[in-house]
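Listed below, chain by chain, are the residues.
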Amino acid sequence: MTRDPDHLLPSDRPVTLMDHRGVAVEGAAHAMPAPEALLTAFAALVTGRRINDQAYALVRQGRLAVYPSSHGQEACQVAAAQVLADGDWLFPTYRDTVAAVARGVDPVEVLVLLKGDWHSGYDPSEHHVAPQATPLATQLLHAVGVAHAARLRGEPTVVMAMCGDGATSEGDFHEALNFAAVFRAPVVFFVQNNEYAISVPLARQSVAPSLAHKGIGYGVPGERVDGNDTAALLAVLGTAVDRARAGEGPQLVEAHTYRMQAHTNADDATRYRQDDEVAAWVERDPVTRLEAYLCEHDLLDDERLAAFAADAEEVAAAMRVGLSEDVTPDPADLFAHVYAVPTPQLVEQAALVADEVAREGGH
Amino acid sequence: MPQFEKLTMAQALNRALRDAMADDPSVVMFGEDVGPLGGVFRITDGLTAELGEDRCFDTPLAESGIVGMAVGMAMNGMRPVVEMQFDAFAYPAFEQIVSHVAKMRNRTRGRVTLPMVIRVPYAGGIGGVEHHCDSSESYYAHTPGLHVVAPSTAADAYTLLRAAIASPDPVVFLEPKKLYWSKEEVELDADRPGIGTAAVRREGTDATLIAYGPSVPVALEAAEVAAQEGRSLQVVDLRSIVPFDDATVCDAVRSTGRAVVVAEATGFASVSSEIVARVTERCFHSLAAPIRRVVGFDIPFPPPKLEHFQLPGVDRVLDAVDDLQWEDS
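Residues numbered from 1 in each chain as written. Chains lettered and ligands numbered in written order. Predicted model: local features only at pLDDT ≥ 70, side-chain atom pairs only at ≥ 80, totals over all residues. Heavy atoms only, no water.

- Naming follows an unreviewed UniProt entry, where chain B appears as Alpha-ketoacid dehydrogenase subunit beta of Nocardioides jiangsuensis.

- As named in an unreviewed UniProt entry, chain A is 2-oxoisovalerate dehydrogenase subunit alpha, taken from Nocardioides jiangsuensis.
- One UniProt comment on chain A, placed under Cofactor (unreviewed entry), says "thiamine diphosphate".
- Check the Function (unreviewed entry) section of the UniProt entry for chain A; it says "The branched-chain alpha-keto dehydrogenase complex catalyzes the overall conversion of alpha-keto acids to acyl-CoA and CO(2). It contains multiple copies of three enzymatic components: branched-chain alpha-keto acid decarboxylase (E1), lipoamide acyltransferase (E2) and lipoamide dehydrogenase (E3)." (UniProt positions renumbered as here; feature names shortened; annotations may be inferred.)

Following this line, the structure appears as structure tokens:
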């Protein structure tokens, strides 16, 4: 049996609701989101940009070991969180700090991972945000499992599963799409195509017509969206979440965006891309684009802009304070969380370290 | 009143799944061919028909997908049990097992726990093809965060699988394929000593044989033959590789002063070498001779017509016992 694949095909061009100057596009495929939704997103964009810049600065000051920035991708980050309901789940990658924060997680807790105190600093159950980790695409299968468990219990949960363009080459990406499709698991697979996997450009990753086309092989409908257009992201991701929640199975969304900074502070992007390529994306910046639209439609004025900036500055200040605290991690924790009950061997080993610490006078 | 029944290990495993699923609606079973077929070894026989396909179901043929999905289901309130069809077929899931199953509790300081069981029909002795006979326990035992168990009797298969499903931590449950069809009188009891305890299967005074999973019957048979030759061999069944029961193993070795480790897996950098190291570190002054090992050669698993050269047999075990520097020889 074959099924007509046309309904699975993404749009010919990425869905755009406003051009890079913030002018609404005529005859767009989706309605413009409500002004309140755009303002909420804008506030989160301003905060998200500030978080990215603050984290970058904290690396240079030696407060964070490294930071994979989503500078330039904040619209994807904010929209991914904003389209979810309270009971839904978000599965972020290591680059998705801003998305986790937009979902309600304290940025200081998110950045514990990069500060080096522990592997993960927040309680995943509090905001339904899965822990970040560095393996690529493995979390997509966990997202399918969370969604399938919820579906078996008849709960209306939708799971937003994030990954990057490079991760679409990993086997787990394909297994996750296929499992989700076969079990009709309510997952939105959200690929932020930022053109690079560390140094490797998209052309070396895939020659598919688009990454959204990869859904066809699994019977998963795909859509492409301008990843720097917050309004289009809210509309496309919102529609995908609605469809998944309505029982239409998993959805695949590819956002076309760009990683404005190097992979992390430890990377040198000048070795593999030209400055003029980066410069061309500056004018497509998601923050200034939405700001222009909101100002043009009298939804934003200088006073409100200043208030948003002040809110963002407050978040940055709290990051500086929270991440400047020198925490001395307790070596007993090394053994405390491996199992529910430490094995006799771990009890012995923990005692050995405790003894070392005692002999060294607590250091 | 304890109920005794004549069951094979396969039937005892089936009963354990059935009873655990009846007791707790969050227990789900899935994998390849585990639905209407009942699994290629029939361990899940009848579960789908009895409990419904939401509780026991077939998945697409992708092991990383199976284990990765189980991680997510465990994150969201379920107790998944998954079947890897054969030992070597579990390797596509290795990243999920090592990087996430084993590490999630530690990563989140105990906030996210993964009560899940990965069932692996394992080891040789069935005349299987190249990728159906691996003794893969060392890979899992080397990974902190996993429990690793291997039953050698039908009664233990039941008890240990119930314990694995009830465990708050992930368990790699290794099922010796060649023992699936051995029948014995079984008391189905979920409350006997569970994961982390070894058992002395046969008392003896001259030397201790340490074995687990498919090698336990070999050790018991060797002890039987040795007894006829006037030598009293004690047999310890590990049952649980991780956590390792140092106390029972070392007490046993100290009581005899001599030991042979019997295991199918290749010997280099293995569970058997770990046992020798541990026992030597702890019992050196009680040992009358170096500990010997009867283990697999360091070769890929042989084709069926040659596999008997690779599997530990009674004669090799007795030869190793003879080498334990007896004063009278």
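Continuing now.
**Observations concerning the UniProt feature "domain: Dehydrogenase E1 component" (unreviewed entry) in chain A**
Here is step 1 of the chain: If you check UniProt for "domain: Dehydrogenase E1 component" (unreviewed entry), the listed places come out as residues 49-312 of chain A in our numbering.
Here is step 2 of the chain: Helix and strand shares over residues 49-312 of chain A are 42% and 12% respectively, and the end C-alpha atoms of the span are 9 Å apart. (Helix = DSSP H or I, 4+ residues; strand = E, 2+ residues; numbered from the N terminus.)

**Focus: the interface of chain A and chain B**
Here is step 1 of the chain: Opposite the 42 residues of chain A that make contact, chain B presents 45 residues.
Here is step 2 of the chain: The junction of chain A with chain B conceals about 3400 Å² of combined surface from both sides, 61% of it contributed by carbon and sulfur atoms.
Here is step 3 of the chain: By the criterion of area lost to chain B, the three top residues of chain A are A:His142, A:Phe179 and A:Tyr339, representing 18% of everything that side buries.
Here is step 4 of the chain: In this structure, the connection of chain A to chain B is made through two salt bridges.
Here is step 5 of the chain: A salt bridge links A:Glu348 to B:Arg282, with the nearest nitrogen and oxygen atoms 3.4 Å apart.
Here is step 6 of the chain: Seen at the junction of chain A and chain B, the total is 19 residue pairs in polar contact (both at pLDDT 80 or more).
Here is step 7 of the chain: Among the secondary structure elements, those contributing two or more residues to the side of chain A that touches chain B are β1 (89-91), α7 (138-152), α8 (171-182), α13 (333-336) and α14 (344-359) of chain A. (Contact = heavy atoms within 4.5 Å. Buried area = accessible area lost by both parts, 1.4 Å probe. Salt bridge = Lys/Arg side-chain N within 4 Å of Asp/Glu carboxyl O. Polar contact = N/O pair within 3.5 Å; in protein donor to acceptor, adjacent residues only side chain to side chain.)

**Some thoughts on the state of the cysteines**
Here is step 1 of the chain: By the definition in use, this model includes zero disulfides over all chains.
Here is step 2 of the chain: Cysteine B:Cys283 remains unbridged, with the sulfur of B:Cys250 as its closest cysteine sulfur at 3.6 Å. (Disulfide = S-S within 2.5 Å.)

**Some words on the sheet that holds strand β10 (residues 207-211) of chain B**
Residue and element names in this part refer to chain B.
Here is step 1 of the chain: Spatial strand order, β9-β11-β10-β13-β14: five strands in an open sheet with mixed pairing. Whereas interior strands pair on both sides, the edge strands pair on one side only; in this sheet they are β9 (199-202) and β14 (292-296). With direction set aside, neighbouring strand axes in the sheet form an average angle of 25°.
Here is step 2 of the chain: Here β10 runs beside strand β13 (residues 259-266); their pairing, made up of four bridges, is parallel. From the neighbouring strand, Ile210 faces β13, where its bridge partner is Val261.
Here is step 3 of the chain: Contacts between helix α8 (residues 216-228) and the sheet are confined to β9, β10 and β11 (233-237), with β11 contributing the most and set at about 170° to the helix. (Pairing = 2+ DSSP bridges. Axes fitted to C-alpha atoms, helices over the stretch in contact; angles between N-to-C directions.)

**Digging into the pairing of strand β7 (residues 171-176) of chain B**
All names here are of chain B.
Here is step 1 of the chain: Counting buried positions along β7 yields six of six residues, so the element is predominantly enclosed.
Here is step 2 of the chain: Burial along β7 is two-sided: the residues Val171, Phe173 and Glu175 and Val172, Leu174 and Pro176 are all buried.
Here is step 3 of the chain: Where strand β5 (residues 117-122) and β7 come together, six bridges link them in parallel fashion. Bridge pairing in β7 places Ile118 opposite Val172.
Here is step 4 of the chain: Relative to β7, strand β6 (residues 147-149) runs parallel, the two being bridged by three bridges. Bridging across to β7, His147 finds its partner in Val171.
Here is step 5 of the chain: The parallel pair β6 and β7 is bridged by helix α7 (residues 154-166), and the resulting crossover is right-handed. (Buried < 20%, exposed > 50% of the residue type's maximum accessible area, 1.4 Å probe, protein only. Right-handed = clockwise from strand over helix to strand, strands pointing away.)

**Observations regarding the pattern of salt bridges**
Once the charged atoms of two side chains with opposite charge are near each other, the side chains can pair.
Here is step 1 of the chain: Under the definition given, this model contains 35 salt bridges over all chains.
Here is step 2 of the chain: Of the charged contacts in the structure, one is a salt bridge between A:Arg49 and A:Asp285, with a shortest N-O distance of 2.8 Å. Placement of the pair is A:Arg49 in helix α1 (residues 35-60) and A:Asp285 in the loop between α10 (275-282) and α11 (286-296), with a sequence separation of 236 residues.
Here is step 3 of the chain: A relative accessible area of 12% means that A:Asp285 is categorised as buried.
Here is step 4 of the chain: Between B:Asp156 and B:Arg201 there is a salt bridge, with its nearest N and O atoms 2.6 Å apart. Of this pair, B:Asp156 sits in helix α7 while B:Arg201 sits in strand β9; the two residues are 45 residues apart in sequence, bridging distant segments of the chain.
Here is step 5 of the chain: Taking the relative accessible area as the measure of exposure, B:Asp156 reaches 0% and is therefore buried.
Here is step 6 of the chain: The network of salt bridges with shared partners includes A:Glu348, B:Asp246, B:Glu274, B:Arg278, B:Glu281 and B:Arg282.

**Topic: the pairing of strand β7 (residues 251-256) of chain A**
Residues and elements named next belong to chain A.
Here is step 1 of the chain: The buried count for β7 comes to six of six residues, which makes it a mostly enclosed element.
Here is step 2 of the chain: For strand β3 (residues 187-193) and β7, the ladder comprises six bridges, and the chain directions are parallel. Of the residues in β7, the one forming a bridge with Phe189 is Leu252.
Here is step 3 of the chain: Where strand β6 (residues 222-226) meets β7, five bridges bridge the pair, whose relative direction is parallel. Each residue of the ladder has a partner; that of Glu223, found in β7, is Val253.

**A closer look at the sheet that holds strand β3 (residues 56-58) of chain B**
Residue and element names in this part refer to chain B.
Here is step 1 of the chain: A sheet is described by the order of its strands in space; here seven strands give the open sequence β3-β2-β4-β5-β7-β6-β12, paired in mixed fashion. Both outer strands of the open sheet, β3 and β12 (240-242), are each paired with one neighbouring strand and no more. Going across the sheet, the axis of each strand differs from the next one's by a mean of 20°, ignoring polarity.

**Notes on a negative patch on the surface**
Here is step 1 of the chain: A grouping of A:Glu296, A:Asp298, A:Asp301, A:Asp302 and A:Glu303 is seen on the molecular surface, where their side chains present a negatively charged patch.
Here is step 2 of the chain: Assessed through its relative accessible area of 65%, A:Asp302 is described here as exposed. (Patch = residues over 30% accessible without salt bridge, like charges linked within 9 Å, V, L, I, M, F, W, Y side chains within 5 Å. Areas by Shrake-Rupley, 256 points an atom, 1.4 Å probe, with all protein chains shown as cover. Lys, Arg positive; Asp, Glu negative; His and termini not counted. Charge placed at Lys NZ, Arg CZ, Asp CG, Glu CD.)

**What to know about the UniProt feature "domain: Transketolase-like pyrimidine-binding" (unreviewed entry) in chain B**
Here is step 1 of the chain: The UniProt feature table records "domain: Transketolase-like pyrimidine-binding" (unreviewed entry) at residues 7-182 of chain B.
Here is step 2 of the chain: Between the end C-alpha atoms of residues 7-182 of chain B there is a gap of 8 Å, over a span that is 36% helix and 17% strand.

**As for the layout of surface pockets**
Here is step 1 of the chain: By volume, the largest pocket is sized at about 1200 Å³.
Here is step 2 of the chain: In terms of lining, the largest pocket is formed by 48 residues, of which the most central are B:Ser138, B:Ala141, B:His142, B:Thr143 and B:Pro144.
Here is step 3 of the chain: Counting only elements with at least two residues in the lining of the largest pocket, the list comes to α14 of chain A together with α5 (104-107), α6 (137-141), β12, β13 and α10 (271-283) of chain B.
Here is step 4 of the chain: For the lining of the largest pocket, the element with the most residues is α10(B), which contributes six residues.
Here is step 5 of the chain: Looking at the lining of the largest pocket residue by residue, the classes come out as 24 nonpolar, 15 polar and nine charged.
Here is step 6 of the chain: Listed by contribution, the elements that provide at least two residues to the lining of the second largest pocket are β6, α9 (230-245) and β7 of chain A. (1 Å grid on protein atoms, 1.4 Å probe; cavity = no way out; pocket = protein on both sides within 12 Å on 5 of 7 lines; lining within 4 Å. Points joined across faces, edges and corners; volume = space filled by probe spheres on them. Nonpolar A, V, L, I, M, F, W, Y, C, P; charged D, E, K, R; others polar.)

**Quick word on the domain arrangement of chain A**
Here is step 1 of the chain: Domain annotation for chain A reports domain 1 (5-328) and domain 2 (330-363).
Here is step 2 of the chain: Taking the mean C-alpha position of each, domain 1 of chain A and domain 2 of chain A sit 39 Å from one another. (Domains from an automatic or database assignment.)

**A closer look at the packing of helix α2 (residues 74-82) of chain A against α9(A)**
Residue and element names in this part refer to chain A.
Here is step 1 of the chain: One can describe the packing of α2 onto α9 by two numbers: an axis separation of 9 Å at closest approach and a directional angle of 35°. Read as a crossing pair, α2 and α9 show a hand that is right-handed. Touching Ala75, Cys76, Ala79, Ala80 and Gln82 of α2 are Thr230, Leu233, Leu234 and Leu237, all from α9. (Left-handed = near helix turned anticlockwise from the far one by under 90°.)

**What about the packing of α1(A) against α2(A)?**
Residue and element names in this part refer to chain A.
Here is step 1 of the chain: One way to put it is that α1 packs onto α2 with a least axis distance of 9 Å and a crossing angle of 130°. When the axes of α1 and α2 are compared, the pair comes out oblique. The two elements α1 and α2 cross, and the hand of that crossing is right-handed. Along the contact surface, α1 presents Ala37, Thr40, Ala41, Ala44, Leu45, Gly48, Arg49 and Asn52, while α2 presents Glu74, Ala75, Val78 and Gln82. (Parallel < 35°, antiparallel > 145°, perpendicular 65-115°, else oblique.)

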